[in-house]
There are 2 protein chains.
Amino acid sequence: MHRTKVRIVEDALDANNTIARANRDDFDRAGVAVVNLMSAPGAGKTSLLERVIAGLRAGVLEGDVQGSADADRIAALHVPVTQINTDPGFGGECHLDANMVRSAIPDLPLDDIDLLVIENVGNLVCPAEFRVGEDVRVMVSSIAEGEDKPLKYPLMFRTCDLVLVNKVDLLAHVDFDLDKYLYNLEAVHPGVERLLVSARTGEGVDEWREWLARVPERRRAVA
Amino acid sequence: MHRTKVRIVEDALDANNTIARANRDDFDRAGVAVVNLMSAPGAGKTSLLERVIAGLRAGVLEGDVQGSADADRIAALHVPVTQINTDPGFGGECHLDANMVRSAIPDLPLDDIDLLVIENVGNLVCPAEFRVGEDVRVMVSSIAEGEDKPLKYPLMFRTCDLVLVNKVDLLAHVDFDLDKYLYNLEAVHPGVERLLVSARTGEGVDEWREWLARVPERRRAVA
């Protein structure tokens, strides 16, 4: 029985990967680099995007179970934004998959942007399972969540290219051992790039903007 | 196509509900009240349990993708604890379902406890979809996650019996409008019980312990 279950799941992921590759081909043809931005709920994905996105030739694809609050925040910055709501799935899908992103491609202004940031649903488990056609993966990890998170959600931390360690302005006010966190992160994903940032105070935001601005250059270098 | 997909999911939830009822029957026969404890990653489920669980005739069932760090913390308090890891599923299931809990029942010391707390996987989406045989649902909502969370994850907030608004010791240090949060909560789940708590300072912990201690009494009153 167990063997059968695993097989079904592998097929589903295989189909997802096929569609993700098709998305990637479309993005490559348009010359658009794509970031899959992930985190737990409330870790600060949108706030960190608000800090940097207006300075880039970029668009945003917002994934949420319900509502368009984050898309409204990005649109207020005159950045092109497209919303996907996952709630037509059973009470709300907990992640974006390649097919959801594919359905949004006709609405994306690919000719007008160099960079597309896909803001995933807030969740540290399933979003890491589903490639959507991205070049790189960035995760936001809030220090308010505790230093054990890399050990508890290893796939997410292991498959990302950059960890934004956010809310460092709270370091003095929470029981969070930064050295222990970085040790745990290193254990799960040795050598992964990381930036200490605060969307609230602006700490590390310039470095984050520079990192993001280099994503299209990197893509061109590979292409 | 879409219609077919929804139908499959409804069947899966229907099977889950059947097993959840079987779990509930077993718990009822043993006279054990069951709490399904849910939250986003790092909101403070384990810390709030540590504060109150030793004073009750209770056991804990820990659900995690990987590892047993939380179970170790509970076991250190000499409270009986059983661990479920969901990572044999595809890279880690993002929630507990009724069948996972069912597989753990033979390992639970049901004769020695009045209360079982099931600590779910950290996630604000799918855990709300899956009944596991609980009497009541408690969610922990950290103020560090922002005041918009009830609007973004409405099913979770709508289906719980108590909201523990945690980390209120950080109110002075984050941009969090408590009135706006409570307004959003009321919009999604009018009249739901809520307690302002801090696992760090102990604020509200006595009220949380009393609430939890009343769960077995409530169950007996209904039975």
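S.K.: Outline the layout of surface pockets, listing residues and values.
M.R.: Counted as a void, the second largest pocket has a volume near 790 Å³. Going through the elements one at a time, α2 (45–52), β2 (58–64) and α3 (69–75) of chain A together with α5 (149–152) and α7 (178–188) of chain B are the ones with two or more residues in the lining of the second largest pocket. For the lining of the second largest pocket, a count of residues per class yields 12 nonpolar, 15 polar and 15 charged.

S.K.: How would you summarise unusual backbone geometry if you had to cite specific residues and measurements?
M.R.: Even without being a glycine, A:K167 presents a positive backbone phi close to 65 degrees. Within the secondary structure, A:K167 is located in the loop between β6 (162–166) and α7 (178–188). Of note, B:H78 is a non-glycine position whose phi angle comes to about 60 degrees, a positive value. Mapping B:H78 onto the fold places it in the loop between α3 (69–75) and β3 (81–85).

S.K.: Account for the nonpolar core, with residues named and values stated.
M.R.: Counting residues in each nonpolar core, the largest one holds 51 residues, and the members touching the most others are A:V163, B:V163 and B:Y181. Here this core gets 4 residues from one element, more than from any other, and that element is α7(B). In contact with B:V163, other than residues within four places in its own chain, are B:M139, B:S141, B:Y181, B:L185, B:V192, B:E193, B:R194 and B:L195.

S.K.: Give a description of the relation of the copies chain B and chain A that names residues and reports values.
M.R.: One copy of the chain maps onto the second through a rotation about an axis and a displacement along it. Rotating chain B by 180 degrees and translating it 0.0 Å along the rotation axis places it on chain A, where the RMSD comes to 0.0 Å. Put plainly, the chains are arranged around a two-fold axis. Relative to the rotation axis, the C-alpha of B:N123 is the closest in chain B, positioned 3.0 Å from it. A shared interface surface links the copies, since 100% of the contact residues of chain B are contact residues in chain A too.

S.K.: Outline the pattern of salt bridges, listing residues and values.
M.R.: Any two side chains of opposite charge can pair, on the condition that their charged atoms come close. Applying the stated criterion to the full structure yields 34 salt bridges over all chains. Between A:R24 and A:D28 there is a salt bridge, and its shortest N-O distance comes to 3.7 Å. In this pair, A:R24 and A:D28 both sit in helix α1 (residues 2–30), 4 residues apart, roughly one turn of the helix. Residue class for A:R24 comes out partly exposed when judged on its relative accessible area of 30%. The shortest N-O distance in the salt bridge between B:R137 and B:E134 comes to 2.7 Å. Per residue, the accessibility class of B:R137 equals that of B:E134, and both read buried. Residues joined in a network through salt bridges with shared partners are A:E50, A:D64, A:D70, A:R73 and B:K152.

S.K.: Report on the environment of B:R102, specifying residues and quantitative values.
M.R.: Residue and element names in this part refer to chain B. Secondary-structure assignment places R102 in helix α4 (residues 98–104). Assessed through its relative accessible area of 30%, R102 is described here as partly exposed. In the structure, R102 is positioned 86 residues away from V188 in sequence and 31 Å away in space, judged by C-alpha atoms. At 3.2 Å, the side chain of R102 and the side chain of D26 are in polar contact.

S.K.: I'd like a rundown of the pairing of strand β6 (residues 162–166) of chain B, residues and numbers included.
M.R.: Residues and elements named next belong to chain B. By the criterion of burial, β6 is predominantly enclosed, with 5 of the 5 residues buried. Bridge analysis of β6 against strand β7 (residues 193–196) gives 4 bridges, and the strand direction is parallel. Across the sheet, residue V165 finds its bridge partner in β7, namely L196.

S.K.: Which residues make up the side chain of B:N120, and what values go with them?
M.R.: All names here are of chain B. With respect to the element layout, N120 can be found in the loop between β4 (115–119) and β5 (136–142). Polar contacts involving the side chain of N120 include one to the main-chain amide nitrogen of L96, which spans 3.0 Å. Other than its neighbours up to four places away in sequence, N120 contacts N36, L37, M38, K45, G63, H95, L96 and P127.

S.K.: How would you explain the sheet that holds β5(B) if you had to name every residue and give the values?
M.R.: All names here are of chain B. Taken in spatial order, the 7 strands make up an open sheet running β3-β2-β4-β1-β5-β6-β7, and their pairing is parallel. On the outer flanks of this sheet lie β3 and β7, each paired with one strand and no other. Each strand of the sheet is rotated relative to its neighbour by a mean of 20 degrees, with strand direction disregarded. Bridging between strand β2 (residues 58–64) and β4 involves 5 bridges; their strand directions are parallel. The residue bridging A58 from the neighbouring strand is L115, located in β4. Where α7 meets the sheet, it contacts β5, β6 and β7, and its direction lies at approximately 160 degrees from that of β7. Along the sheet, helix α8 (residues 205–222) makes contact with β1 (33–39), β4, β5, β6 and β7, crossing β1 at roughly 140 degrees.

S.K.: Go over helix α8 (residues 205–222) of chain A with me, naming the residues and quoting the values.
M.R.: Two residues of an α-helix separated by three or four positions point the same way, owing to the 3.6 residues in each turn. Over its 18 residues, α8(A) extends 26 Å from the first C-alpha to the last, a length consistent with the 26 Å expected when each residue adds 1.5 Å. For α8(A), the principal kink sits at A:V215 and spans about 30 degrees; a proline, A:P216, occurs within the next four residues.

S.K.: Mind laying out the packing of aromatic side chains, listing which residues take part and the relevant values?
M.R.: What the rule picks out here adds up to 2 aromatic pairs over all chains. Ring geometry for B:F176 and B:Y181: centres 5.4 Å apart, planes at 45 degrees, overall tilted. We note A:R218 situated over the ring of A:W211; from NZ or CZ to the ring centre the distance is 4.8 Å.

S.K.: An account of empty space enclosed by the protein is requested, with residue identities and associated values reported.
M.R.: Counted by the stated rule, this structure contains 1 cavity of 30 Å³ or more. Space inside the largest cavity adds up to approximately 60 Å³. Lining the largest cavity are 13 residues, with A:S142, A:A144, A:E145, B:A144 and B:E145 sitting closest to its centre. Tallied by class, residues from the lining of the largest cavity come to 5 nonpolar, 4 polar and 4 charged.

Basis of the calculations
- Residues numbered from 1 in each chain as written.
- Chains lettered and ligands numbered in written order.
- Predicted model: local features only at pLDDT ≥ 70, side-chain atom pairs only at ≥ 80, totals over all residues.
- Heavy atoms only, no water.
- 1 Å grid on protein atoms, 1.4 Å probe; cavity = no way out; pocket = protein on both sides within 12 Å on 5 of 7 lines; lining within 4 Å.
- Points joined across faces, edges and corners; volume = space filled by probe spheres on them.
- Helix = DSSP H or I, 4+ residues; strand = E, 2+ residues; numbered from the N terminus.
- Nonpolar A, V, L, I, M, F, W, Y, C, P; charged D, E, K, R; others polar.
- Core = buried A, V, L, I, M, F, W, Y, C linked by side-chain atoms within 4.5 Å.
- Buried < 20%, exposed > 50% of the residue type's maximum accessible area, 1.4 Å probe, protein only.
- Contact = heavy atoms within 4.5 Å.
- Least-squares fit on C-alpha atoms with pLDDT ≥ 70 in both.
- Salt bridge = Lys/Arg side-chain N within 4 Å of Asp/Glu carboxyl O.
- Polar contact = N/O pair within 3.5 Å; in protein donor to acceptor, adjacent residues only side chain to side chain.
- Pairing = 2+ DSSP bridges.
- Axes fitted to C-alpha atoms, helices over the stretch in contact; angles between N-to-C directions.
- Expected span 1.5 Å × (residues − 1).
- Bend = angle between axes of the 7 residues up to and from the residue.
- Phe/Tyr/Trp six-rings, centres within 6.5 Å; stacked < 30°, edge-to-face > 60°.
- Lys NZ or Arg CZ within 6 Å of the ring centre and 35° of its normal.

The quantities given are spatial measurements derived from coordinates; they are silent on function.
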